[in-house]
Amino acid sequence: MARVIFDGVTKTYGGNSAPSVDNLNMEVYDKEFLVLVGPSGCGKSTAMRMVAGLEEISSGRIIIGDRVVNDLPPKDRDVAMVFQSYALYPHMTVYDNLAYPLKLRKVPKVERDQRVREAARILDIEQFLDRKPKALSGGQRQRVALGRAIVRNADLFLMDEPLSNLDAKLRVQTRAELIKLHERVSTTTIYVTHDQVEAMTMGDRIAVMSLGVLQQLDTPQNLYDFPANKFVAGFIGSPSMNFVDVTVEAHNEQMYAVNPGFRFRILPEKAVSLKPYLGQTVTMGIRPEHLVERSRVHGATDDMSIPVTVDVIELLGNEIFVYLQAGPTLLTARMAPDVKLQRGQQIQVAAEPDKLHFFDPKTELAIR
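Let us look at the structure shown here. For every chain, the first residue of the written sequence is number 1, and numbering continues from 1 onward in sequence order. Thresholds applied to this predicted model are a pLDDT of at least 70 for local features of residues and 80 or more for the giving and counting of side-chain atom pairs; totals over whole chains, interfaces and linings are not thresholded and use all residues. Derived side-chain values reflect all non-hydrogen atoms in the structure, with water molecules and hydrogen atoms excluded from consideration.

1. Quick word on the overall build of the chain
Let me state the cut-off plainly: Elements are defined by DSSP. Helices are runs of H or I of four residues or more, strands are runs of E of two residues or more, and each kind is numbered from the N terminus. The rule is simple: take the accessible area with a 1.4 Å probe, protein chains only, and divide by the maximum for that residue type; under 20% is buried, over 50% is exposed, in between is partly exposed. Contacts were defined at the residue level, with two residues in contact if any of their heavy atoms lie within 4.5 Å. Per-residue and other accessible areas follow the Shrake-Rupley method at a 1.4 Å probe size, with only the shown protein chains counted as cover for residues. The sign given to each residue is positive for Lys and Arg and negative for Asp and Glu; His and the chain ends receive no count. Where a charge lies is defined by one atom per residue type, namely NZ (Lys), CZ (Arg), CG (Asp) and CD (Glu).
Check the secondary structure of the chain and you find 9 helices and 20 strands. Taken along its principal axes, the extent of the C-alpha atoms in the chain is 80 × 45 × 35 Å. Across the 368 residues that make up the chain, the buried fraction comes to 50%. Considering only intrachain contacts with a sequence separation of at least 6, the fraction spanning at least 24 residues in the chain is 65%. When the accessible surface of the chain is summed, it comes to about 17,700 Å², and 49% of that surface belongs to carbon and sulfur atoms. Each charge class in the chain can be summarised by its mean position, and for the 44 positive and 45 negative side chains these summaries are 7 Å apart.

Written as structure tokens, this is what we have:
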């Protein structure tokens, strides 16, 4: 069993500086693939390095399995780490790179050979065993780095942005290989990335961090559908969510989100939580994929629509990103490629009322 528990874990680098990781409480389940995601400097790599024993813990406890590992040296934690830089020995063959951690642990030669060849088979690098790292592509080197972790039969894999050195196409391929690899070996994995697309496609659950604080821990779909706060809403999803300041108003027993450029109807189930904000300003969020040309929404009404002017159009082949001016507000819409628009054109876009998100302007927490 290799669950990992962060129990009030804090890391501070001397002086009066703000904590890099601040009171982190989180459980990683046995055999789970958990992704730590957030912008640079959010504390995700520091959190993982504390699990590995490469950073000391300022306060709190880290538990791996049933052991508190705060004072255990890295070699005794039964953790295998995969780095962004591959960290392969250039003078050794692929075979020797894979075998080296087993050699250090004095694993018998026959078993060592068996484990190296099994890892090479799983990762499809058997044909490269006699080569040196300089003769391999970036993707092949990354698979060797993964293989070195697999041969250890460790209880826990830690991966620190392992795909960031790969080009876009190879990153997608290796991402798929990692998912299949986890299904085969079923080892508890903590994976660090700043790429939210990587996080959404790979993680059983995702932990979103900002400024050292855990913002939300949930499944990818729940993070997308029910973000806990404005930061998570803006970070998860590409392009990021549109945010507009609106005033909550009531007319004829119906509640509306009102902006100088539009008036949106609020569904009864959302209106209940917005009643305390009547007459006040809140932040409304709309994802770009939920803004569509009004003519394409059957039964669209004025209280689902926003008059806008087309500012910029980005054609991506399978979709287009349209930047829209709604009075002083700039909106981004993600539309089908067959939508024919021109810069400066005035149109109306519609959004389904059940796709709206609302956030408290002071706390930035979701209102629901």
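2. Details of the sheet that holds strand E3 (residues 33-37)
How we decide: For two strands to count as paired, DSSP must find a minimum of two bridges between them. Each axis is a line fitted through C-alpha atoms, taken for helices only over the stretch in contact, and angles between the N-to-C directions span 0 to 180 degrees.
The sheet built from 6 strands is open, its strands ordered E6-E7-E8-E3-E9-E10 with mixed pairing. A strand with exactly one partner marks an edge of an open sheet, and here the two such strands are strand E6 (79-82) and strand E10 (213-218). Each strand axis lies, on average, 20 degrees off the axis of its neighbour in the sheet, ignoring direction. Inspection of the sheet shows strand E7 (residues 156-160) paired to strand E8 (residues 188-193) by 5 bridges, in the parallel sense. From the neighbouring strand, Phe157 faces E8, where its bridge partner is Thr189. Where helix H4 (residues 138-150) meets the sheet, its contacts fall on E6 and E7, and the angle it forms with E6 comes to roughly 175 degrees.

3. Details of the layout of surface pockets
Condition: Method remark: on a 1 Å grid restricted to protein atoms, a set of points is classed as a cavity if a 1.4 Å probe fits but cannot get out and as a pocket if it is open with protein on both sides within 12 Å along at least five of seven lines; lining residues have an atom within 4 Å of a point. Grid points are joined across faces, edges and corners, and a volume is the space filled by probe spheres set on the points. Amino acids outside the nonpolar list (Ala, Val, Leu, Ile, Met, Phe, Trp, Tyr, Cys, Pro) and the charged list (Asp, Glu, Lys, Arg) are all regarded as polar, and Gly is one of them.
When its volume is computed, the largest pocket comes out at roughly 490 Å³. Around the largest pocket, the lining comprises 20 residues; the ones closest to its centre are Val79, Met81, Phe83, Arg105 and Arg152. Counting residues per element, the ones that place at least two in the lining of the largest pocket are E6, helix H2 (94-104) and H4. Residue contributions to the lining of the largest pocket peak at 4 residues, all from E6. Per-class residue counts for the lining of the largest pocket are 16 nonpolar, no polar and 4 charged. Empty space within the second largest pocket amounts to approximately 350 Å³.

4. Quick word on the packing of aromatic side chains
A ring pair, where both rings are aromatic, is described by two values, the distance of the centres and the angle of the planes. Here is the rule: Stacked, tilted and edge-to-face pairs are distinguished by plane angle, under 30 degrees for stacked and over 60 for edge-to-face with tilted covering the rest, among Phe, Tyr and Trp rings (Trp via its six-membered ring) whose centres lie within 6.5 Å. Here, a charge over a ring is recorded when the distance from Lys NZ or Arg CZ to the ring centre is within 6 Å and its angle to the ring normal is within 35 degrees.
For the structure shown, the criterion picks out 5 aromatic pairs. The cationic tip of Lys230 hangs over the ring face of Phe243; the distance from NZ or CZ to the ring centre is 5.1 Å. One cation-aromatic arrangement involves Arg287 over Tyr224; the distance from NZ or CZ to the ring centre is 4.2 Å.

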